[in-house]
Amino acid sequence: MGFDQDFSFGHARDIDVSQVEKTALYVHIPFCKSLCPYCPYNRIKYDEGLVAPYLAALMSEIDQYYRRLGAIEVTSIYVGGGTPTNLAGRLGMVLDMIRERFLVTGEICMETNPGDIGPEVIDLLVQHGVDLISLGVQSFDDRYLQLLGRSYQSDILDRTVDLVVSSGFKTVNLDLMFALPGQTPAELMRDLARAVGTGANQVTTYPLFCFPYSTVGKYQKLKKVKMPDLAARRRMYRSIHGYLDEQGFQQVSVWGFGRGQAPRYSSVTRDYYIGLGAGAGSHVPGSIYLNTFSVKEYMRSCCEDRLPVALKMDLSHALSAYYWLYWRLYDTRIPKEQLFELFGAHNPKLTWLLRTLSFLGMAEDTRDQVTLNERGAFWVHLAQNYFALNYINKVWSVARETPFPARINL
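This write-up is about the structure you can find in this document. Fair warning: this is a prediction, and the values are worked out from it, not measured in the lab.

Parameters at a glance
- Residues numbered from 1 in each chain as written.
- Predicted model: local features only at pLDDT ≥ 70, side-chain atom pairs only at ≥ 80, totals over all residues.
- Heavy atoms only, no water.
- Pairing = 2+ DSSP bridges.
- Helix = DSSP H or I, 4+ residues; strand = E, 2+ residues; numbered from the N terminus.
- Axes fitted to C-alpha atoms, helices over the stretch in contact; angles between N-to-C directions.
- Contact = heavy atoms within 4.5 Å.
- Buried < 20%, exposed > 50% of the residue type's maximum accessible area, 1.4 Å probe, protein only.
- Polar contact = N/O pair within 3.5 Å; in protein donor to acceptor, adjacent residues only side chain to side chain.
- Salt bridge = Lys/Arg side-chain N within 4 Å of Asp/Glu carboxyl O.

1. What to know about the sheet that holds strand β19 (residues 369-372)
Sheet strands line up and pair through hydrogen bonds in the backbone, either parallel or antiparallel. Here three strands make up an open sheet; going across it, the order is β17-β19-β18 and the pairing antiparallel. Two strands bound the open sheet, and with one partner strand each, they are β17 (333-335) and β18 (363-365). Direction aside, the axes of adjacent strands within the sheet are offset by 10° on average. Here β17 runs beside β19; their pairing, made up of three bridges, is antiparallel. Within β19, the residue paired with proline 335 across the bridge is glutamine 369. Across the sheet, helix α11 (residues 336-343) lies against β17, β18 and β19, angled at about 65° from β17, the strand it touches most.

Dropping the structure here:
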């Protein structure tokens, strides 16, 4: 299970898609009317003058991939940001172009927040063919909404969530944060009860990740907002898991819980995908790529009919296997057939890993899969994040400052 390779991102101005037979697509919309201080993602203040040229650049990027790939199968489309619904009236032409160029066989997923949702926006999303939607509620408590810098108050949430839930989407996911500064267990349970009572068929709960490169980490504008206490996170996660299990939800990822047969809403667990937009990432066989984070340079590259790729990491077979395993642990389910195919059924390190998870009471090892339980999901993902957040910090810190970095060593 070991690997020996150059563990770094190097400069790149093109992407090798010669082995891509089908793919998911990620579409990044960087515009936000309100810049939440805790958000680490690549976004800029909404500027009407940039919208048209940015969408033109997106469509150029789509066309460039079409010329390279032909009408291949697109297994899903995920639209994120930023706040994609800021452009709800104009996203249709981007999605229509994707459908015209490629064979779209999977769902269209989109994220948004309550301050940007109304009947007209919902009608547009339905017209655009959006199947799965995630609403970034974060809390039903005005105190925490204000602390997080959210642009809305809790009095809009009931009618907004009801509008989304009643609009016919296959899945409605509600995002909630927990272990917020000063938050009590009783306040968390009230938020959970409100979320469950809306009729949403998925709830995703996560602690505030205070990335060093985010506005919070860099400028400390919200001095009370910091990575929550580990013991508090552990207690609250146990309560979340137990409560949602009692309410008929099943764990669908480390942080996500779904009920019924609705498709799972997830932004991160596609095996292969091509990222479109400023700062979007791509995972294709053998490599990970990142587009330039600079919106200006992104638009310039696409205008010149060049792909806006800035960074590349080559993946050895072993590192690709680890990458796959990382996300299966995030799923909390590891299918054994694929696991043994990638690592070998008698790999001693793999045997040690499975036995250790079982011995520590973190997983159930059955004939077909290894399933993390509540204890395993919390502690394994905590260990993952210890490494992953540091790597992300190094890459994104440089990428936000330098449009086309020469190299980023991890």
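2. A few points about the pairing of strand β2 (residues 22-29)
When you tally the buried positions in β2, you get seven out of eight residues, the bulk of the element. In this sheet, strand β5 (residues 73-81) lies alongside β2 in parallel orientation, the contact comprising seven bridges. Within the sheet, the bridge partner assigned to leucine 25 lies in β5 and is isoleucine 77. Where β2 lies against strand β13 (residues 273-276), four bridges are found, and the strand directions are parallel. Bridge pairing in β13 places leucine 25 opposite isoleucine 274.

3. Some thoughts on the environment of threonine 85
Summarising the element assignment, threonine 85 is placed in the loop between β5 and α2 (91-101). In sequence terms threonine 85 and phenylalanine 31 are 54 residues apart; their C-alpha atoms lie 9.5 Å from each other. Apart from the residues within four sequence positions on either side, threonine 85 is in contact with Met110, Thr112, Asp116, Val121 and Leu125. Polar contacts involving the side chain of threonine 85 include one to the side chain of threonine 112, which spans 2.4 Å.

4. Let's talk about the pattern of salt bridges
Applying the stated rule across the entire model yields 18 salt bridges. Here lysine 170 ties to glutamate 107 by a salt bridge, and the two come within 3.9 Å at their closest N and O atoms. On the criterion of sequence distance, the pair formed by lysine 170 in the loop between α5 (157-165) and β9 (171-178) and glutamate 107 in the loop between β6 (103-104) and β7 (108-112) is long-range, its members being 63 residues apart. Classification of lysine 170 by relative accessible area gives partly exposed; the value is 44%. We classify glutamate 107 as partly exposed; its relative accessible area is 26%. We note a salt bridge from aspartate 314 to lysine 312, for which the minimum N-O separation is 3.1 Å. With relative accessibility at 45%, the residue aspartate 314 sits in the partly exposed group.

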